[in-house]
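# Coordinate analysis (summary)
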Amino acid sequence: MPFATRADLLARSNAMRLAQLAVPADKAMPPDDALRIAIEGSDITGYTVDEQAVLALALDAIDKALADAEALLLSYGIPATVQTTLLARLASTVALYYLQGAERMTDDVERAYKGVIDTLKAHAKGEIDLTPAAPTDPILSEDAVLLESSVHRYGSTSTVLEDW
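Here the structure is a predicted model, which means the values were calculated and not measured.

## As for the overall build of the protein
Tallying secondary structure elements over the protein gives seven helices and two strands in all. The order of α-helices and β-strands along the protein, N terminus first, is α-α-α-α-α-α-β-α-β. In the protein, which comprises 164 residues, the share counted as buried stands at 31%. Looking at the protein alone, contacts between residues at least 24 apart form 56% of all its contacts between residues at least 6 apart. On the protein, roughly 10,300 Å² of surface is accessible, and the fraction owed to carbon and sulfur atoms is 53%.

## Concerning the pattern of salt bridges
Scanning all chains against the criterion turns up six salt bridges. Among the ionic pairs, Lys 64 bridges to Asp 60, the shortest N-O distance being 3.2 Å. With Lys 64 and Asp 60 both in helix H4 (residues 49-75) and four residues apart, this pair spans about one turn of that helix. Relative accessible area serves as the criterion here: at 37%, Asp 60 is assigned to the partly exposed category. Between Lys 114 and Glu 110 there is a salt bridge, with the nearest N and O atoms lying 3.8 Å from each other. Highlighted residues: Lys 114 and Glu 110, both in helix H6 (residues 107-125), separated by four residues, approximately one helical turn. For Lys 114, a relative accessible area of 47% corresponds to the partly exposed category.

## Considerations on the nonpolar core
Grouped together as the largest cluster of nonpolar side chains are 40 residues, with contacts concentrated most on Leu 9, Leu 18, Leu 35, Ile 62, Leu 87, Leu 99 and Leu 120. Listed by contribution, the elements that provide at least two residues to this core are helix H1 (6-11), helix H2 (15-22), helix H3 (34-39), H4, helix H5 (85-100) and H6. Looking at which element gives the most residues to this core, the answer is H4, with ten residues. Leave out the neighbours within four places in its chain, and Leu 87 touches Phe 3, Leu 73, Ile 78, Val 82 and Leu 130.

## Description of H6
Taking 1.5 Å of rise per residue, 19 residues should cover 27 Å, and H6 covers 27 Å from first to last C-alpha, within 8% of that figure. Regarding H6, the residues found buried are Val 109, Tyr 113, Val 116, Ile 117, Leu 120, Ala 122 and His 123. Looking at the buried residues of H6, the elements they touch are H2, H4 and H5.

## Considerations on the layout of surface pockets
Taken as a whole, the second largest pocket spans an internal volume of roughly 160 Å³. For the lining of the second largest pocket, the secondary-structure elements that each account for two or more residues are H5 and H6. With four residues, H5 is the single largest residue contributor to the lining of the second largest pocket. Among the residues forming the lining of the second largest pocket, the class breakdown is three nonpolar, two polar and four charged.

## What about the environment of Arg 6?
Its location among the elements puts Arg 6 in helix H1. Here Arg 6 falls in the partly exposed class, since its relative accessible area comes to 26%. Residues Arg 6 and Arg 36 lie 30 residues apart in sequence; the distance between their C-alpha atoms is 9.6 Å. The residues contacting Arg 6, other than those within four sequence positions of it, are Ile 39, Leu 59, Ile 62, Asp 63 and Leu 66.

What counts and how
- Residues numbered from 1 in each chain as written.
- Predicted model: local features only at pLDDT ≥ 70, side-chain atom pairs only at ≥ 80, totals over all residues.
- Heavy atoms only, no water.
- Helix = DSSP H or I, 4+ residues; strand = E, 2+ residues; numbered from the N terminus.
- Buried < 20%, exposed > 50% of the residue type's maximum accessible area, 1.4 Å probe, protein only.
- Contact = heavy atoms within 4.5 Å.
- Areas by Shrake-Rupley, 256 points an atom, 1.4 Å probe, with all protein chains shown as cover.
- Salt bridge = Lys/Arg side-chain N within 4 Å of Asp/Glu carboxyl O.
- Core = buried A, V, L, I, M, F, W, Y, C linked by side-chain atoms within 4.5 Å.
- Expected span 1.5 Å × (residues − 1).
- 1 Å grid on protein atoms, 1.4 Å probe; cavity = no way out; pocket = protein on both sides within 12 Å on 5 of 7 lines; lining within 4 Å.
- Points joined across faces, edges and corners; volume = space filled by probe spheres on them.
- Nonpolar A, V, L, I, M, F, W, Y, C, P; charged D, E, K, R; others polar.

Read these as layout, nothing more, since geometry by itself doesn't imply function.
Here it is in structure tokens:
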């Protein structure tokens, strides 16, 4: 399952903005709610053949942006099996950045994208962990001590000592 879906992207944007970004510039814009209906998986047979073709192109562009965003998150060591609302937000932000394109880039979208990249870099460095704790992970109490060392010296990167 991808980090973010079309519906996640729609929830973090709006149908009109997505249509403006995803519909090719040489095609006529579909009716206002058409892309929302297509993203929700509802019946679009009430639209003309040309409008249906444009919607298919827009959905394809959205899917490509989401796939590229997923590839970016994977490249920073996020496991493909992890699903959280935070990762959906990060992937949606990256997909919107990709849909925006260089010629239509806004400062807000660029700042949001750079924030995602900074977050992913911090995850890759181990400064933060974007993956939820597994049910089998030990629960650290307030009086626990965490010792970290080089793998080469003691054979592990961290040890939890309790009851000090």
